[in-house]
Amino acid sequence: MHGPRLTPQILLRAYAEGLFPMAERRGDPVLYWVSPEKRGILPLDTFHVPHRLARTVRSHRFTVTADRAFADVMRSCAAPAQGREESWINDEILRLYTALHVGGHAHSIECWQEGELVGGLYGVRLGAAFFGESMFSRARDASKVALVHLVDALRRGGFILLDTQFITAHLAQFGAVEIPRTQYLALLNTALGREALWPLF
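Calculation rules
- Residues numbered from 1 in each chain as written.
- Predicted model: local features only at pLDDT ≥ 70, side-chain atom pairs only at ≥ 80, totals over all residues.
- Heavy atoms only, no water.
- Helix = DSSP H or I, 4+ residues; strand = E, 2+ residues; numbered from the N terminus.
- Expected span 1.5 Å × (residues − 1).
- Buried < 20%, exposed > 50% of the residue type's maximum accessible area, 1.4 Å probe, protein only.
- Arc of directions from axis to C-beta.
- Polar contact = N/O pair within 3.5 Å; in protein donor to acceptor, adjacent residues only side chain to side chain.
- Contact = heavy atoms within 4.5 Å.

Caption draft 1: How the structure looks around helix 4 (residues 91-102). Between its terminal C-alpha atoms helix 4 stretches 17 Å, which fits the 16 Å expected from twelve residues at 1.5 Å a residue. Here helix 4 has its buried residues at E92, I93, L96, Y97 and L100. The buried side chains of helix 4 occupy one side of the element, clustering within an arc of 115 degrees when seen end-on. More than 90 degrees from the buried face of helix 4, the exposed residues found are D91 and V102. Sitting at the amino-terminal end of helix 4 is N90, which places a side-chain oxygen 3.2 Å from the backbone nitrogen of E92. Note on helix 4: the residue one or two positions beyond its end, G104, has a positive phi of about 85 degrees.

Caption draft 2: The arrangement of the side chain of K144 in detail. As for its placement among the helices and strands, K144 is situated in helix 5 (residues 142-157). You can call K144 buried: its relative accessible area is 18%. In contact with K144, not counting residues within four places along its chain, are R52, L53, H170, Q173 and F174.

Here you go:
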């Protein structure tokens, strides 16, 4: 997208209309708006945790925090990884979402092992909706454990919509589904009309 530089306020208004920005690649400075015909969501009331992962969560293998290392989580999500050499997270995305975080509208979940950040995710909060943006993992199950803790936080905070934007095999195992854009916009409108709290960890 060209024209006036995006601001966090414009970005939030776009989310409220069902839009989100992406870049073609990490080094491309241009962003474009996305509004998929089929939108991925993860229903909070039917979220499924596989048995093996539930055991991992209970084992406390990872120390889980929230909002302790937002910028580091974003940079880790943008970094090249095996099978994901390119990224849609460019410098402009980093700038905008870091500003949203400072303003209290973007949050991260972090997983640590022996003081090292090994997994996490981040997203945007608006009303009773949470828009999951990206996740990363440098240790087995770290991003999955972060997602389990995110869902628990959203349930406790009174959220009713977890937007995953697209569906992946990684998300499908937890019960993520695709819904038509019209149905998504109706759910979004309901969520924006309610208040939810980002719980303390």
